[in-house]
Amino acid sequence: MVGTVVIGGGAAGTAAARALHDAGEDVLLVEAKDRLGGRARSVTLSEPPRRRPGSSWVNAATDTRTRAPGPRPSPGWMVVDLGCGWLHSAKRNPWTRIAEATGFTVDRAPANWRTQWRDLGFPPADQTAAHAAFARWNEAAMAAVDGPDRPLSDFVATDDRWRPMIDSISGYANGAPLSQVSLHDWAAYENASTDDNWAVREGYGTLIASHAAEVPVRLNTPVTRIDHRGRRIRVETPAGTIEADRVIVALPTTAFERLVFDPPLPAKHDAAAALPLGLADKAFTLVDDPAWPTNAHLTGNPHSHCTASHRLSPFGLPVIESFFGGDCAEALDDEGAATAFAIDELVALLGSDWRRRLTPAGASRWRHEPFIHGSYSHARIGQAHQRQVLAEPVDDRIFFAGEACHPTDFSTAHGAYETGIAAAAAILAGMRTHA
């Protein structure tokens, strides 16, 4: 018998479980995978890659599958984040405070997403025109926000020269093309976000997983059924049933397809289906003797909707992080295709001599990640209200958390954190009321 079971060890679940534990509540965190962090996962590279056939991560790396607390990687190692890697809205992001309080290194260098190193493949006049086109699209969308919901694609002409670039940006930001993203949902995020985007040298995934230090955790424990018919809730897993007074469901929306509530909660399943996970993947390339400064940036092809945003030497490391989103990521679902595409784009910009200096080091494949199957949520057209539906507790016994539950900071680890903290606070308030 447990006071509260938290289901899901991502940013929301670790935040909720840690808050309850620190408040003295009897809490158990259960996670389907063999690691904590969810869609935050850090990997440390310590030597050049060696291909392992059939692996979703092809390198001679040490996976930082931090348990609780688990060691953090040495700063001398090369850490990359397969999932979330930016402290978005960093000045108000609670993970920034947690990182600094627990000895992690926060890098405040600018993200440089709007820059093109040496203007390669993207002349200054084209950059100016592209930025102006994006501003026109953004202004037109914001001007329509008080009207009926519409897809973001409505606000840029089909034949606009820069529409492919804007669509590629939607892929990075939303995990989906303009045509699939709700205006109302997108505007809620944009109006709340700020431009301070920082990074964690030791890995955002390492930070989030380590936050569960001292919290009782069961890994490799997928939850299949939540029976809330009786006075106690029965949480069913392949390893047995856990009885609890309360439950926090902190799962990605895709996981609701395989989760049974008894009695059924159809509104929750409908809300999850209305908030699908888009896709954003990364490919990593090791570099022999980089020629650029730390944290430089290249857009692969600003005239294509399928292109990568290449982050050059983050933290000064000899690695390139290439980011694909939306339809482009879906098309590059094969790891070999993703790494080859990234290197081809880089060689096209840098020159043919660079091919021998670039070594593929693997790629993420979030659509195939067990128990997750995607990156971050976006609302279908007309469905932005479903975030509130998903977040509502049931009978003050079943609570819900996760980035998809946040009204404005969805798709982020800090949005997930805040929903986990809110669920924990609601439980503690209820316990005080009934004490």
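Please refer to the structure higher up on the page.
In this report, we go over the structure that sits alongside the text. Here the residue index of a chain counts from 1 through its sequence in written order. Given that this is a predicted model, residues contribute local features only at a pLDDT of at least 70 and side-chain atom pairs are listed and counted only at 80 or more, while totals for whole chains, interfaces and linings are drawn from all residues. The side-chain figures draw on all heavy atoms in the structure; neither hydrogens nor water molecules are used.

**Some remarks on the overall build of the chain**
Numbering of helices and strands runs from the N terminus; a helix is a DSSP stretch of H or I covering at least four residues, while a strand is a stretch of E covering at least two. Assigned secondary structure in the chain consists of 11 helices and 19 strands. Restricting the calculation to C-alpha atoms gives the radius of gyration, and the globule rule supplies 2.2 Å times the number of residues raised to the power 0.38. The C-alpha atoms of the chain give 22 Å as radius of gyration, which agrees with the globular expectation for 435 residues (22 Å, within 12%). Viewed in the frame of its principal axes, the chain has a C-alpha envelope of about 65 × 55 × 40 Å. Note on classification: 1.4 Å probe, protein chains only; a residue is buried when its accessible area is under 20% of the maximum for its type, exposed when over 50%, partly exposed between these limits. Looking at the chain as a whole, 57% of its 435 residues qualify as buried. The contact criterion used throughout is that any non-hydrogen atoms of two residues lie within 4.5 Å. Residue pairs at least 24 apart in sequence account for 73% of intrachain contacts in the chain once pairs closer than 6 positions are excluded. Note on areas: these come from Shrake-Rupley sampling with a 1.4 Å probe, and a residue is covered only by the protein chains present in the view. When the accessible surface of the chain is summed, it comes to about 17400 Å², and 52% of that surface belongs to carbon and sulfur atoms.

**As for the packing of aromatic side chains**
The pairing test for Phe, Tyr and Trp rings, Trp by its six-membered ring, is centres within 6.5 Å, and the orientation test on the planes gives stacked under 30 degrees, edge-to-face over 60, and tilted for anything in between. Going through the model one piece at a time under the given rule, you end up with 13 aromatic pairs. Measuring from ring centre to ring centre gives 5.7 Å for Y172 and F323, while their planes differ by 25°; the resulting arrangement is stacked. Linking Y172 in helix α4 (residues 163-174) with F323 in strand β17 (residues 319-325), this pair joins segments that are 151 residues apart in sequence. Judged by relative accessible area, which is 15%, Y172 ranks as buried. One cation-aromatic arrangement involves K268 over F400; the distance from NZ or CZ to the ring centre is 4.2 Å. Placement of a charge over a ring requires the Lys NZ or Arg CZ to be within 6 Å of the ring centre, with the centre-to-atom vector within 35 degrees of the ring normal.

**Some words on unusual backbone geometry**
For the peptide bond that leads from D262 to P263, omega is 0°, which places it in the cis range. The topology assignment puts P263 in the loop between β13 (260-262) and α7 (266-273). Residues other than glycine seldom take positive phi values, yet D119 does so here, at roughly 60°. Inspection of the secondary structure assignment puts D119 in the loop between β7 (106-107) and α3 (124-143).

**Let's talk about the sheet that holds strand β14 (residues 280-287)**
A pair of strands is considered paired only if DSSP assigns at least 2 bridges between the two. Reading across the sheet, the 5 strands line up as β15-β16-β17-β14-β18 and stay open at both edges, with antiparallel pairing between neighbours. Strands with a single pairing partner mark the edges of an open sheet, and in this sheet they are β15 (296-299) and β18 (358-363). Along the sheet, successive strands turn relative to each other by an average axial angle of 25°, direction set aside. Against the sheet, helix α9 (residues 335-350) engages β14, β15, β16 (309-312), β17 and β18, with an angle of about 145° to β18. Lines are fitted to the C-alpha atoms to define the axes, a helix being fitted only along its stretch in contact, and any angle between axes, read from their N-to-C directions, falls within 0 to 180 degrees.

**Description of the side chain of S153**
Among the structural elements, S153 can be located in the loop between α3 and α4. If we skip the residues at most four places from it in the chain, S153 touches R163, L178 and S179.

**Here's the deal with the side chain of N197**
Its place among the elements puts N197 in the loop between α5 (183-192) and β8 (198-200). Here N197 falls in the buried class, since its relative accessible area comes to 10%. Under this definition, polar contacts are N or O atom pairs within 3.5 Å; protein pairs additionally need one hydrogen-donor-capable and one acceptor-capable atom, and for neighbouring residues in sequence, both atoms have to be side-chain atoms. A distance of 2.7 Å separates polar atoms of two side chains, one belonging to N197 and the other to H88. Here the side chain of N197 touches D195 through a polar contact of 3.2 Å, landing on its backbone oxygen. Residue contacts for N197: discarding those within four places in its chain leaves W86, L87, H88, S89, A109 and W113.

**So, the sheet that holds β7**
Spatial strand order, β6-β8-β7: 3 strands in an open sheet with antiparallel pairing. Strand pairing shows two members of the sheet lacking a second neighbour, β6 (86-87) and β7, which therefore form its edges. Pairing of β7 with β8, which is carried by 2 bridges, proceeds in the antiparallel orientation. When the bridges of β8 are listed, D107 appears paired with A199.

**What about helix α1 (residues 11-22)?**
Expected span of a helix, by definition, is 1.5 Å for each gap between consecutive residues, and there is one gap fewer than residues. With 12 residues, α1 ought to run about 16 Å at 1.5 Å a step, and its terminal C-alpha atoms sit 16 Å apart, in line with that. Along α1, the positions that sit buried rather than exposed are A11, A12, G13, T14, A15, A16, A17 and L20. Two residues or fewer after α1 comes G24, characterised by a positive phi angle close to 90°.

**Some details on empty space enclosed by the protein**
Using protein atoms alone on a 1 Å grid, points that fit a 1.4 Å probe yet trap it form a cavity, whereas open point sets bounded by protein on both sides within 12 Å along at least five of seven lines form a pocket; residues with an atom within 4 Å of a point count as lining. Grid points are joined across faces, edges and corners, and a volume is the space filled by probe spheres set on the points. Applying the stated criterion to the full structure yields 1 cavity of 30 Å³ or more. Space inside the largest cavity adds up to approximately 110 Å³. Of all the secondary structure elements, the ones that give two or more residues to the lining of the largest cavity are β5 (78-81), β8 and β17. Each residue receives one of three labels: charged for Asp, Glu, Lys and Arg, nonpolar for Ala, Val, Leu, Ile, Met, Phe, Trp, Tyr, Cys and Pro, and polar for the others, Gly being one of them. The class makeup of the residues in the lining of the largest cavity is 8 nonpolar, 2 polar and 4 charged.

**Focus on the pairing of strand β3 (residues 42-45)**
A two-sided burial pattern is seen for β3, the buried positions comprising S42 and T44 on one face and V43 and L45 on the other. By the bridge criterion, 4 bridges tie β3 to β5 in an arrangement that is antiparallel. For S42, the partnering residue across the bridge sits in β5 and is D81.

**Quick word on α5**
Residues of α5 that are buried include every one of L183, D185, W186, A187 and Y189, and no others. Here the buried face of α5 lies against α3, α4 and α10 (386-391). Taking the backbone nitrogen of H184 as reference, a side-chain oxygen 3.3 Å away marks S182 as the first, capping residue of α5.

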